[in-house]
Amino acid sequence: MKVPETIAIIMDGNGRWAKAKGLPRTAGHKQGADTIRTVALHANARGVKKLILYAFSTENWKRPQDEVSFLCKLPGLFFNRFIKELMVNNIRVTFAGELERFPEDTQNVILKAVDQTSANTGLELCIAINYGARREIVKGILHYAEDVVSQSRKNDLTEEEFSRYLMIPEEVDLLIRTSGELRISNFLLWQIAYAELIFTPVAWPDFNEEELDRCIEEFAKRDRRFGGLTS
Ligand code: FPP
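These notes cover the structure that comes with them. Computed from a predicted model, the values in this text were never measured in an experiment.

Even without glycine at this site, Ser-179 takes up a positive phi of about 75 degrees. Examined against the element boundaries, Ser-179 turns out to sit in the loop between β5 (174-177) and β6 (196-199). A relative accessible area of 11% places Ser-179 in the buried class. One non-glycine residue, Asn-186, adopts positive backbone phi at about 60 degrees. Along the polypeptide, Asn-186 turns up in the loop between β5 and β6.

What follows covers the pattern of salt bridges. Going through the model one piece at a time under the given rule, you end up with 23 salt bridges. Here Arg-135 makes a salt bridge to Glu-98, at a shortest N to O gap of 3.1 Å. Remark: Glu-98 occurs in the loop between β3 (92-96) and α4 (104-116) and Arg-135 occurs in helix α5 (residues 133-149); sequence separation between them is 37 residues. Taking the relative accessible area as the measure of exposure, Arg-135 reaches 34% and is therefore partly exposed. Residues joined in a network through salt bridges with shared partners are Asp-12, Arg-16, Arg-177, Glu-181 and Arg-183.

A few words now on the packing of aromatic side chains. For any pair of aromatic rings, the description rests on two quantities: the centre-to-centre distance and the angle between the ring planes. Under the counting rule described, the total for this entry stands at 12 aromatic pairs. A centroid spacing of 5.8 Å and a plane angle of 90 degrees characterise the contact between Tyr-131 and Phe-187, whose relative ring orientation is edge-to-face. Placement of the pair is Tyr-131 in strand β4 (residues 124-131) and Phe-187 in the loop between β5 and β6, with a sequence separation of 56 residues. Following the ring pairs from residue to residue traces out a cluster consisting of Tyr-54, Tyr-131 and Phe-187.

Around the ligand there are 19 residues in total, and Asp-12, Gly-15, Arg-16, Arg-25 and Arg-63 lie nearest to it. Between the ligand and Asn-14 there is a distance of 3.2 Å, counted from an oxygen atom to a backbone nitrogen or oxygen. Surface burial for the ligand is 91%, taken as the share of its 630 Å² of free accessible area covered by protein chains. Of all the elements in the fold, those that place two or more residues in the shell around the ligand are α1 (14-20), α2 (25-45) and α3 (65-88). Partitioned by chemical class, the residues of the shell around the ligand number nine nonpolar, six polar and four charged.

Rules used in this analysis
Residues numbered from 1 in each chain as written. Predicted model: local features only at pLDDT ≥ 70, side-chain atom pairs only at ≥ 80, totals over all residues. Heavy atoms only, no water. Helix = DSSP H or I, 4+ residues; strand = E, 2+ residues; numbered from the N terminus. Buried < 20%, exposed > 50% of the residue type's maximum accessible area, 1.4 Å probe, protein only. Salt bridge = Lys/Arg side-chain N within 4 Å of Asp/Glu carboxyl O. Phe/Tyr/Trp six-rings, centres within 6.5 Å; stacked < 30°, edge-to-face > 60°. Near = heavy atom within 4 Å. Polar contact = N/O pair within 3.5 Å; in protein donor to acceptor, adjacent residues only side chain to side chain. Areas by Shrake-Rupley, 256 points an atom, 1.4 Å probe, with all protein chains shown as cover. Nonpolar A, V, L, I, M, F, W, Y, C, P; charged D, E, K, R; others polar.

Structure (structure tokens):
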């Protein structure tokens, strides 16, 4: 079966999942972090090369302070529990986004996980954190402009070359959004130009191996033409 090389997921529905169970929203985020473990291990086993997860957007700072504080603590809780398992499974952690805005301890746990797993050769688990696609594109343009001004580059650029100025240079093959909303929410606007899109009603805390397999099967059935006539 044709397995997507790069999968991106908008992990939505944690709050609604918790509310439906009479739990605080943070309980949904905690369960959602466990789903990250399940899905990363399974994507790795299926031979996916890169899994990009939308953990915190540039707009999420607008949430109530206690929820933001909890979300800042989650990477620490997550890596404390699962870093050994990520190592055993040869998974490499990376991140995309402007880490500087997070408390120092949050930055440090993420950088430590990136460093610890940097020699692993299996799945790349990329956490998009304080990430926004428009910001990513603006930063890419600024970086390119600096290179032109310093004359380390000529004033012309292919699409492929521009990709390398982004936080995430890869094309996304499959984009999944959980929990029923039909939006992209400022995630990976450049990289999803030809991605297959799957919107599932399943809330992120309930997403699991079977759901991922279902998405991969659906992807394999799609006829990707990239603007041409037949694949
Ligand atoms: C969307 O659900 C989810 C988020 C904004 C946070 C996602 C974060 C995690 C799952 C954990 C991150 C952990 C690590 C290790 C980086 P929502 O709160 O918008 O749900 P709702 O739409 O039902 O309110």
